[in-house]
Amino acid sequence: MRKNVVLTGMMGVGKSTVGKRLAIHLDHDFIDIDNLIEKKEGCSITMIFKNKGENYFRTLEKKITLRELKKDNAVISLGGGAFLEKTIRRAVKDNSLSIWLDVSTNTLVKRLKKTNKRPLLLKKNLNETVKKIYLDRKKFYNESDFRIKCDFIKTDVIVDKILKLYENSSN
């Protein structure tokens, strides 16, 4: 039986929103890795990137993610780049059902236009940046157990799909 559900995908796809609702349905804990990192550091991820750099952030993200993946009965929302790390992917595969929440880059750009909380997007051309990051990460996200295209479906429908996948994987 797989104990955890791990949500991966690009920033802005809805991992936290879906994860919170899913955790309620499964009666699991909800763990948001980005929130844990911000609590530990006492500042936003943007400030961590700015003050300590991406390498520091990725090292901390790996340490916290691997610790949280050892827990049972949790819905875990990974940071957008966490699944690129081989050690994290391996740990996810060991005891979790992994779901790639996927939306088109056009949808992502619309969702991310007004945010300044995403340090990798603080560049000039948002559209180009999102497309490049998506293309770089897609092959890693593809290693998830399942992929759900979320462009035109409501959160509750996504949660229902994941619940069915979880039930089927437990049998």
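Above: the structure in question.
It should be emphasised that the depicted structure is a prediction, and the values quoted were computed from it without experimental measurement. By convention here, each chain's residues receive numbers from 1 onward along its written sequence. With the structure being a predicted model, the display of local features is reserved for residues of pLDDT at least 70 and the display and counting of side-chain atom pairs for 80 or more, all residues being used for whole-chain, interface and lining totals. Hydrogens and water molecules were not included; the side-chain quantities draw on all heavy atoms of the structure.

Caption draft 1: Region of interest: the packing of aromatic side chains. Two aromatic rings, drawn from Phe, Tyr or Trp (for Trp, its six-membered ring), form a pair once their centres lie within 6.5 Å of each other, and the interplanar angle then sorts them: stacked below 30 degrees, edge-to-face above 60, tilted otherwise. According to the stated counting rule, one finds two aromatic pairs in the structure shown. Geometrically, the ring pair formed by Phe 49 and Phe 57 is tilted, given 5.1 Å between the ring centres and 45° between the ring planes. The residues Phe 49 and Phe 57 share a single accessibility class, namely buried. Where Trp 100 meets Tyr 141, the ring centres are 5.6 Å apart and the plane angle is 40°; that geometry is what we call tilted. Accessible area is worked out with a 1.4 Å probe on protein chains only. A residue is then buried under 20% of its type maximum, exposed over 50%, and partly exposed in between.

Caption draft 2: Representation of the packing of helix H3 (residues 45-69) against helix H4 (residues 86-95) within the structure. Relative to each other, H3 and H4 sit at 10°, their axes nearing to 10 Å. Our classification of the angle between H3 and H4 gives roughly parallel. The segment H3 lies against H4, with Lys 62, Thr 65, Leu 66 and Leu 69 engaging Thr 87, Ile 88, Ala 91, Val 92 and Asn 95. Three categories are distinguished: nonpolar for Ala, Val, Leu, Ile, Met, Phe, Trp, Tyr, Cys and Pro, charged for Asp, Glu, Lys and Arg, and polar for the others, with Gly belonging to the last. Partitioned by chemical class, the residues of the contact of H3 with H4 number five nonpolar, three polar and one charged. Here, axes are lines fitted to C-alpha atoms. For helices the fit covers the stretch in contact, and angles between N-to-C directions go from 0 to 180 degrees. Think of it this way: any DSSP run of H or I at least four residues long counts as a helix, any run of E at least two long counts as a strand, and we number them from the N terminus. For classification purposes, an angle smaller than 35 degrees is called roughly parallel, one larger than 145 roughly antiparallel, one from 65 to 115 roughly perpendicular, and anything else oblique. The contact criterion used is simple: two residues touch if any of their non-hydrogen atoms lie within 4.5 Å.

Caption draft 3: Spotlight on the sheet that holds strand E4 (residues 96-102). Strand pairing is assigned whenever DSSP identifies at least 2 bridges connecting the two strands. Read across the open sheet, the five strands follow the order E2-E3-E1-E4-E5; overall the sheet is parallel. Unpaired on one side and paired on the other, strand E2 (29-32) and strand E5 (146-149) mark the two borders of the sheet. Between one strand axis and the next, the sheet turns by 20° as a mean value, whatever way the strands run. Sheet analysis places strand E1 (residues 4-8) next to strand E3 (residues 74-77), joined by three bridges and oriented parallel. The residue bridging Val 6 from the neighbouring strand is Ile 76, located in E3. Sitting on the sheet, helix H2 (residues 33-41) is in contact with E2 and E3, with an inclination near 65° to E2.

Caption draft 4: How the structure looks around the pairing of E4. When you tally the buried positions in E4, you get seven out of seven residues, the bulk of the element. The alternating pattern of E4 places Ser 96, Ser 98, Trp 100 and Asp 102 on one face and Leu 97, Ile 99 and Leu 101 on the opposite face, and all of these are buried. Looking at chain direction, E1 and E4 are connected through five bridges and run parallel. Looking at the pairing, Asn 4 lines up with Ser 96 of E4. Summarising the sheet, E4 and E5 pair through four bridges and their orientation is parallel. Looking across to E5, one finds that Leu 101 is bridged to Ile 148.

Caption draft 5: Spotlight on the nonpolar core. Here, the term nonpolar core denotes a set of buried Ala, Val, Leu, Ile, Met, Phe, Trp, Tyr and Cys residues that are joined through side-chain atoms within 4.5 Å. Counting residues in hydrophobic clusters, the biggest one holds 50 residues, and the most contacted among them are Val 5, Met 10, Ile 99, Leu 101 and Ile 162. In terms of residue count, the dominant contributor to this core is H3 (seven residues). The residues contacting Leu 101, other than those within four sequence positions of it, are Leu 7, Thr 8, Gly 9, Met 10, Val 13, Gly 14, Lys 15, Val 18, Ile 148, Cys 150, Ile 158 and Ile 162.

Caption draft 6: Representation of the environment of Ala 74. You can see Ala 74 is positioned in strand E3. Sequence separation between Ala 74 and Ser 96 is 22 residues; the distance between their C-alpha atoms is 9.1 Å.

Caption draft 7: Region of interest: the side chain of Lys 15. Tracing the sequence through the fold places Lys 15 in helix H1 (residues 15-26). Salt bridges are absent for the buried Lys 15, whose nearest opposite-charge side chain, Asp 34, sits at 6.3 Å. With sequence-adjacent residues up to four places away left out, Lys 15 is seen in contact with Leu 7, Thr 8, Gly 9, Met 10, Phe 30, Ser 77, Leu 78, Gly 79, Gly 80 and Leu 101. Two residue types count as positive, namely Lys and Arg, and two as negative, namely Asp and Glu; His and chain ends fall outside the count. When a carboxyl oxygen of Asp or Glu is within 4 Å of a side-chain nitrogen of Lys or Arg, the pair counts as a salt bridge.

Caption draft 8: The arrangement of the pattern of salt bridges in detail. All chains considered together, the criterion is met by eleven salt bridges. The partner of Asp 156 in a salt bridge is Arg 21, with the nearest N and O atoms 2.9 Å apart. Of the two residues, Asp 156 is situated in helix H7 (residues 155-170) and Arg 21 in helix H1; the sequence distance between them amounts to 135 residues. Asp 102 is the partner of Arg 147 in a salt bridge, and the nearest nitrogen-oxygen pair spans 2.6 Å. Highlighted residues: Arg 147 in strand E5 and Asp 102 in strand E4, separated in sequence by 45 residues. Of the residues examined, Arg 147 reaches a relative accessible area of 39% and is grouped as partly exposed. Where salt bridges share partners, they join Glu 54, Arg 58 and Glu 61 into one cluster.

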